[in-house]
Amino acid sequence: MLTIANKTFHSRLLLGTGKFSDFNVQKQAVIESGTEILTFAVRRMNIFDADQPNFLELIDTDQYTLLPNTAGAANAEEAVRIARLAKASGLCDMIKVEVIGDQETLLPDPLETYRACETLLSEGFVVLPYISDDVVLAKRLEDLGVHAVMPGASPIGSGLGLLNPIHLQYIIDKADIPVIVDAGIGSPADAAAAMSLGADGVLLNSAVSGAKDPVKMAKAMKLAVEAGRLGYEAGRIEKKLSAVPSSPVEGMSVVD
Amino acid sequence: MKVRVNGKSIDLPDDILTIEQLLSHFHLENKLAIVEKNKEIIDRKTYKTRTINEGDQIEIVHFVGGG
């Protein structure tokens, strides 16, 4: 069970809703993923096209926890504004704080992220900041009171997987709040690896929406997250530099 | 009445006086629209009573797909 603030979730997979080519495929992928938390972005409406479909209208919003992001924000003030707009929907009080500090790498600005979190916490939001894999920043945000930290595995949408598992491990080991590995996951193996490290959850989007078969990939991610978590809980064996036979060494005379 | 909606200058008919009427004017009354007027986020419950005035800067936003 994944607990964020006062909410508990069975699924440890958080799914983004961007870049799906087809709403029906997306809906099916959401179902197959087993996710209970969906991320969204906040954008201007096209006021001259009221018929434009919206994915939110196609799902039962009571069944999912909505996690809007502040994507598009370049500083704390913009992030806070987007968060307040999202909350005004009346559908959510959780916010993924995403303040991009570099347009090429889309890496988050740690100082602006921290400032945004500070304000949003004082306003009663459930705050989940997207951060780089920096354990010191993660702990500083935890001390501030954020409800989870979401370090990136690699740059957003890159699909490069876990570039620095040691840094993620530091955060997982030191943090007393949920650690959700967000961004850069490319394959089910990546998701399983993140969970095997002891992450509390994985947030991904492009790995599913961009897959050849998003519905099948959604299911693969669900299974990978479960497998990784089970493996972590089961406790893997130590790595050794020499072989240890799996078969008994007694009664060898049978092959003499 | 001239207002700016989502960055566009728009001349509204004279009978559009409230946020609710503005949304209906654009056929957005059944959409999950969040409205900001002159940088103030408007409580959904007050769309019926909150008025629009000449020169208002209005933003109408919603949730879209994102990661």
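Residues numbered from 1 in each chain as written. Chains lettered and ligands numbered in written order. Predicted model: local features only at pLDDT ≥ 70, side-chain atom pairs only at ≥ 80, totals over all residues. Heavy atoms only, no water.

The name that an unreviewed UniProt entry assigns to chain B is Sulfur carrier protein, with the source organism given as Scopulibacillus daqui.

The name that an unreviewed UniProt entry assigns to chain A is Thiazole synthase, with the source organism given as Scopulibacillus daqui. According to UniProt, the comment filed for chain A under the heading Function (unreviewed entry) is "Catalyzes the rearrangement of 1-deoxy-D-xylulose 5-phosphate (DXP) to produce the thiazole phosphate moiety of thiamine. Sulfur is provided by the thiocarboxylate moiety of the carrier protein ThiS. In vitro, sulfur can be provided by H(2)S." (UniProt positions renumbered as here; feature names shortened; annotations may be inferred.)

### Concerning the interface of chain A and chain B
The interface is formed by 31 residues belonging to chain A together with 24 residues belonging to chain B. Taken together, both faces of the contact between chain A and chain B bury some 2,600 Å²; the carbon and sulfur share is 63%. Looking only at chain A, the three residues that lose the most surface to chain B are Arg44, Met45 and Ile47 of chain A, adding up to 29% of its buried area. The tally of links between chain A and chain B comes to 3 salt bridges. For the salt bridge of lysine 31 of chain B with glutamate 57 of chain A, the shortest nitrogen-to-oxygen distance reads 3.3 Å. For the pair chain A and chain B, the number of links is 16 residue pairs in polar contact (both at pLDDT 80 or more). Contributing elements (two or more residues each) for the side of chain A that touches chain B: β4 (37–44) and α2 (76–87) of chain A. Looking at the side of chain A that touches chain B element by element, the count peaks at 6 residues for β4 of chain A. Residue classes in the side of chain A that touches chain B are distributed as 14 nonpolar, 9 polar and 8 charged. Relative to strand β5 (residues 57–65) of chain B, β4 of chain A runs antiparallel, the two sharing 5 bridges. When the sheet's bridge partners are listed, valine 42 of chain A is paired in β5 of chain B with phenylalanine 63 of chain B. (Contact = heavy atoms within 4.5 Å. Buried area = accessible area lost by both parts, 1.4 Å probe. Salt bridge = Lys/Arg side-chain N within 4 Å of Asp/Glu carboxyl O. Polar contact = N/O pair within 3.5 Å; in protein donor to acceptor, adjacent residues only side chain to side chain. Helix = DSSP H or I, 4+ residues; strand = E, 2+ residues; numbered from the N terminus. Nonpolar A, V, L, I, M, F, W, Y, C, P; charged D, E, K, R; others polar. Pairing = 2+ DSSP bridges.)

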